[in-house]
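The primary structure of each chain is shown beneath.
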Amino acid sequence: FKIHLTCSHCMFLIFFWSPALFSCHMKDFIKAVQQVEDENPELEAVEVLRMLRRTAHLNDAFVQHFLPDAGSSGPELDADLSGYLQRAVQHRVLEGAREEGVVLAPDGMTVAVGPLLLGIEAGFLSTIPGRVPGLYQLTLAGNLGVSIRRRSENGEPLGTDGCWDNLTAPHVFTLSDTASTLTAAQVHGGMDGVILGKEVSAKAGESVKLSSLLTDYYLHQLDARGMDGAPRLISRRRRELFKVLVAPPVLIRQVAKSMELREKLEGRVKMEVRQKRRLMAAVKETMKEFVHVFMECPPIIARCTWGAAPYIGTPTLLSLPLTYLFIHHTASPSQPCLTFEQCSADMRSMQRFHQEERGWDDIGYSFVAGSDGNVYEGRGWKWQGAHTGGYNSKGYGVSFIGDYTSTLPSQHAMALVRDQLASCAVAGGRLVSSYILKGHRQMVSTSCPGNTFYKEITTWGHYQVRAVNHKQNLL
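Residues numbered from 1 in each chain as written. Predicted model: local features only at pLDDT ≥ 70, side-chain atom pairs only at ≥ 80, totals over all residues. Heavy atoms only, no water.

Undergrad: Could you give an account of the packing of helix H6 (residues 135-154) against helix H10 (residues 248-265), with specific residues and numbers?
TA: As a packed pair, H6 and H10 sit with axes 8 Å apart at the nearest point and diverge in direction by 75 degrees. Classed by the angle they form, the pair H6 and H10 counts as roughly perpendicular. Facing H6, whose interface residues are Tyr136, Gln137, Ala141, Gly142, Leu144, Gly145, Val146, Ile148 and Arg149, H10 presents Val250, Leu251, Gln254, Val255, Ser258, Met259, Arg262 and Glu263. For the contact of H6 with H10, a count of residues per class yields nine nonpolar, five polar and three charged. (Axes fitted to C-alpha atoms, helices over the stretch in contact; angles between N-to-C directions. Helix = DSSP H or I, 4+ residues; strand = E, 2+ residues; numbered from the N terminus. Parallel < 35°, antiparallel > 145°, perpendicular 65-115°, else oblique. Contact = heavy atoms within 4.5 Å. Nonpolar A, V, L, I, M, F, W, Y, C, P; charged D, E, K, R; others polar.)

Dropping the structure here:
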């Protein structure tokens with residue numbers, strides 16, 4: 001135990017630290033790693049990683065093909081600390097679709113810790129800067145291969161996501177759909193493992209603590225410039241960093257190699273040519289879906305993740321693909337949100353206003369862009385919104401948190417919607433390829449999306465000048 005001082009209601013209290021107090025939040029996992037480092041100051045980062053792998057039993061034949069045996073002996077950890085680390089690192093899906101071995105990152109995404117740590121360890125063991133043997137197999141390709149084989153047998157979904165019981169002190173994560181062999185958290189952890197594995201390999205020879213590496217990547221706080229002023233290596237840039245490092249054809253080859261390796265390690269009979277062709281077709285089809293969801297589309301925070309209240313009544317299903325993309329600003333909240341916590345609070349505030357004051361069934365917008373690097377799900381892709389009078393069934397309404405009468409959203413936030421969300425919608429068959437982009441003021445009598453922002457969107461592709469007769473002002 002350690003004694004810490006904290007301030008609560010202006011009184012200093014002394015309490016005893018215990019891992020039992022830790023939640024499944026990345027900041028708490030990093031604190032646990034710091035505890036291991038403090039108690040074992042002689043250990044290098046790669047030895048700390050091996051200790052964590054041993055604690056979580058991440059030491060099967062597939063892992064040992066690329067990494068040294070984690071062994072069964074080493075420095076002893078406090079029982080409570082060891083138990084916490086095992087639950088945080090060892091991935092499994094329990095009855096009731098409860099997923100363990102995952103933590104909530106400050107960027108709003110849920111991350112599987114195991115593939116993250118395997119990628120970092122592989123990076124530290126690299127002998128040639130930038131070249132990391134086994135990196136893709138340990139982080140993503142191995143799990144993708146297992147998922148593809150299962151999908152070919154039972155048609156399971158790819159990348160199932162879920163909901164936390166609490167956003168401030170998360171403890172239980174429950175998958176919201178049929179459990180998949182490869183969950184969204186495993187994808188995020190695998191992507192982070194690739195990114196940080198490559199990073200430590202490129203800086204071979206530099207001494208770095210694991211907790212410091214994780215802190216810099218996950219806990220960076222944005223300033224008033226938002227993502228426009230953010231450093232390169234932070235988790236909020238996960239998708240853009242991963243796209244730079246990993247080309248889809250490379251990942252497809254690594255998945256195929258991983259599947260062949262598992263067959264060999266498990267002593268399976270070598271596949272016939274016809275069987276192998278069918279499996280490779282399944283690999284390519286799954287990878288097409290993977291690239292669309294996790295590389296082409298922006299990070300979208302699901303309703304349950306930002307704490308949405310239930311929809312009132314019965315939602316109306318949209319008839320896809322739609323023709324229009326309508327751009328809004330929220331006006332109130334008037335300030336850009338820079339953290340997942342603040343953006344989520346803004347989403348809940350707007351939903352309450354729309355439901356309680358406006359009398360609508362739900363938050364009106366289809367999607368909302370924050371300045372924290374995320375897009376937030378409102379009514380989403382499938383359900384009709386209440387954003388643009390007379391046109392709610394014909395287009396998606398996307399709003400930017402803030403008042404943009406005299407200023408612009410961050411360049412990063414605008415690119416998320418203009419370049420990524422729109423192309424994601426087209427590629428997913430939700431918007432026609434020749435979709436029309438308009439500002440809210442062109443459809444109803446309103447100043448939305450603000451004078452300065454409206455002038456900006458007139459320069460965007462797909463913008464159409466012609467307005468309609470104003471009938472009503474919804475926002």
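Undergrad: Could you give an account of the state of the cysteines, naming the residues involved and the relevant values?
TA: Tallied over the entire structure, the rule returns three disulfides. One disulfide bridge connects cysteine 163 with cysteine 304, the sulfur atoms lying 2.0 Å from each other. Every disulfide takes its handedness from the sign of the S-S torsion; for cysteine 163 and cysteine 304 that torsion is -90 degrees, giving left-handed. Within this pair, whereas cysteine 163 is found in strand S7 (residues 162-164), its partner cysteine 304 is found in helix H12 (residues 303-306), the two being separated by 141 residues in sequence. For cysteine 163, a relative accessible area of 23% corresponds to the partly exposed category. In this model, cysteine 297 is linked to cysteine 424 through a disulfide, with the two sulfur atoms separated by 2.0 Å. (Disulfide = S-S within 2.5 Å. Buried < 20%, exposed > 50% of the residue type's maximum accessible area, 1.4 Å probe, protein only.)

Undergrad: I'd like a rundown of the packing of H6 against helix H7 (residues 184-202), residues and numbers included.
TA: Here H6 crosses H7 at 165 degrees, and the two axes come no closer than 9 Å. Judged by the angle between their axes, H6 and H7 are roughly antiparallel. Crossing of H6 against H7: the hand is left-handed. Between H6 and H7, the contacting residues are Leu135, Tyr136, Thr139, Leu140 and Asn143 on the first element and Gln186, Val187, Gly190, Met191, Gly193, Val194, Gly197 and Lys198 on the second. Of the residues assigned to the contact of H6 with H7, the class counts are six nonpolar, six polar and one charged. (Left-handed = near helix turned anticlockwise from the far one by under 90°.)

Undergrad: Tell me about empty space enclosed by the protein, and name the residues and values.
TA: Per the counting criterion, the structure on display carries four cavities of 30 Å³ or more. If you add up the space inside the largest cavity, you get close to 140 Å³. For the lining of the largest cavity, the secondary-structure elements that each account for two or more residues are helix H9 (238-245) and helix H14 (411-427). Class assignment of the residues belonging to the lining of the largest cavity gives a composition of three nonpolar, six polar and six charged. Taken as a whole, the second largest cavity spans an internal volume of roughly 90 Å³. Together, 13 residues line the second largest cavity, and Gly108, Met109, Thr110, Asp161 and Thr305 are the ones closest to its centre. Every element with two or more residues in the lining of the second largest cavity is listed here: S7 and strand S9 (300-301). Looking at the lining of the second largest cavity residue by residue, the classes come out as seven nonpolar, five polar and one charged. (1 Å grid on protein atoms, 1.4 Å probe; cavity = no way out; pocket = protein on both sides within 12 Å on 5 of 7 lines; lining within 4 Å. Points joined across faces, edges and corners; volume = space filled by probe spheres on them.)

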